[in-house]
Amino acid sequence: MKRLILLSIALLIGVVASAQSNNETKSLKLGPNGYEHYKHEFRLTVGANPLEHLEFGWADWNHNSDFLQTDDFLYDGAYKATCGYSLSYMYSPRKWLAFGLNVGYVGWWQSQFSNTTNALHSTTFEHHIMFVPTVRFSYLNRRYVRLYSSLGIGYGACLVRTRDSNGVPTKHNNYNESFVPVQLTPIGVSVGRKLFGFAELTVGSMANLSAGIGYRF
């Protein structure tokens, strides 16, 4: 996963450098309040507190092996998640409208412990990979500040893998599922021109609060 994140960052830096060199001499026609309309946009986003998958339901079950059999001698630990990470591209034909694709990742894990000794028995990991087409509506456009809302609904793949207390993969409770990720952003703000930062009050499969950097051209 670290390699994927580093590759995404490198890709964004390359696109930014290329776009900046190609558009350095191009002038934009300014609109009211100095607004500059850029049609293309890339973003790197980090989000906190994604919703658990059960809150949106699952579909298309595809189990590759049997579930791990639990019994009265085991209990579940806390259900935990990483931050949500995503890379997105948006196309804006109008200053108030943009649409594109958001590709995201969230990792979840939960451990099981012995009821008698509290020793670690096993840990189940879930890798959520999401492809979310998104539409965004901007209702305040200034040269340096923009306010917007967005909605995305797409396809998600969940890869479930279990390891024992020694970190060795088990033959049980390993399966794949697909689900429907949803990401709603009631309000978001971006600050900057071509290179900008942003923060969003959002709720969904990728995050409940998010922030990041982006580049327009």
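Here, every reference points to the structure presented above.
Residues numbered from 1 in each chain as written. Predicted model: local features only at pLDDT ≥ 70, side-chain atom pairs only at ≥ 80, totals over all residues. Heavy atoms only, no water.

What follows deals with a nonpolar patch on the surface. On the surface, a nonpolar cluster with roughly 400 Å² of combined accessible area is contributed by Leu101, Val103, Ile129, Phe131 and Tyr155. Sorting the residues of the nonpolar patch by element identifies β6 (97-114) and β7 (120-141) as the ones contributing at least two each. In this structure Leu101 comes out as partly exposed when scored by relative accessible area, which is 39%. (Patch = residues over 30% accessible without salt bridge, like charges linked within 9 Å, V, L, I, M, F, W, Y side chains within 5 Å. Areas by Shrake-Rupley, 256 points an atom, 1.4 Å probe, with all protein chains shown as cover. Salt bridge = Lys/Arg side-chain N within 4 Å of Asp/Glu carboxyl O. Helix = DSSP H or I, 4+ residues; strand = E, 2+ residues; numbered from the N terminus. Buried < 20%, exposed > 50% of the residue type's maximum accessible area, 1.4 Å probe, protein only.)

Here we come to empty space enclosed by the protein. All told, the structure shown has 3 cavities of 30 Å³ or more when counted by the stated rule. Of the voids in this model, the largest cavity is the one considered here, and its volume is about 300 Å³. If you trace the largest cavity, you find 26 residues lining it, with Thr45, Asn102, Gln183, Thr185 and Glu200 closest to the centre. Elements with a minimum of two residues in the lining of the largest cavity: β1 (40-48), β5 (84-94), β6, β7, β8 (145-153), β11 (182-192) and β12 (195-204). Considering each element in turn, the lining of the largest cavity owes the most residues, 5 residues, to β5. One number sums up the size of the second largest cavity: a volume of about 170 Å³. In this structure, the second largest cavity is lined by 23 residues; those nearest its centre are Glu41, Ser92, Lys95, Arg136 and Arg146. If you list the elements that add at least two residues to the lining of the second largest cavity, you get β1, β5, β6, β7 and β8. Of the residues assigned to the lining of the second largest cavity, the class counts are 9 nonpolar, 6 polar and 8 charged. (1 Å grid on protein atoms, 1.4 Å probe; cavity = no way out; pocket = protein on both sides within 12 Å on 5 of 7 lines; lining within 4 Å. Points joined across faces, edges and corners; volume = space filled by probe spheres on them. Nonpolar A, V, L, I, M, F, W, Y, C, P; charged D, E, K, R; others polar.)

Counted under the stated rule, the structure contains 7 aromatic pairs. A centroid spacing of 5.2 Å and a plane angle of 50 degrees characterise the contact between Phe42 and Tyr89, whose relative ring orientation is tilted. You can see Phe42 sitting in strand β1 and its partner Tyr89 sitting in strand β5, a full 47 residues away along the chain. According to the relative accessible area criterion, Tyr89 is partly exposed, its value standing at 30%. Ring centres 6.2 Å apart and planes at 25 degrees place the aromatic pair Tyr215 and Phe217 in the stacked group. Classification of Phe217 as partly exposed rests on a relative accessible area of 24%. Put simply, the rings of Phe42, Tyr89, Tyr215 and Phe217 pair up and form one aromatic cluster. Directly above the ring of Tyr35 sits Lys95, whose terminal nitrogen or CZ lies 5.8 Å from the centroid. Sitting over the ring of Tyr148, Arg136 keeps its end group 5.3 Å from the ring centre. (Phe/Tyr/Trp six-rings, centres within 6.5 Å; stacked < 30°, edge-to-face > 60°. Lys NZ or Arg CZ within 6 Å of the ring centre and 35° of its normal.)

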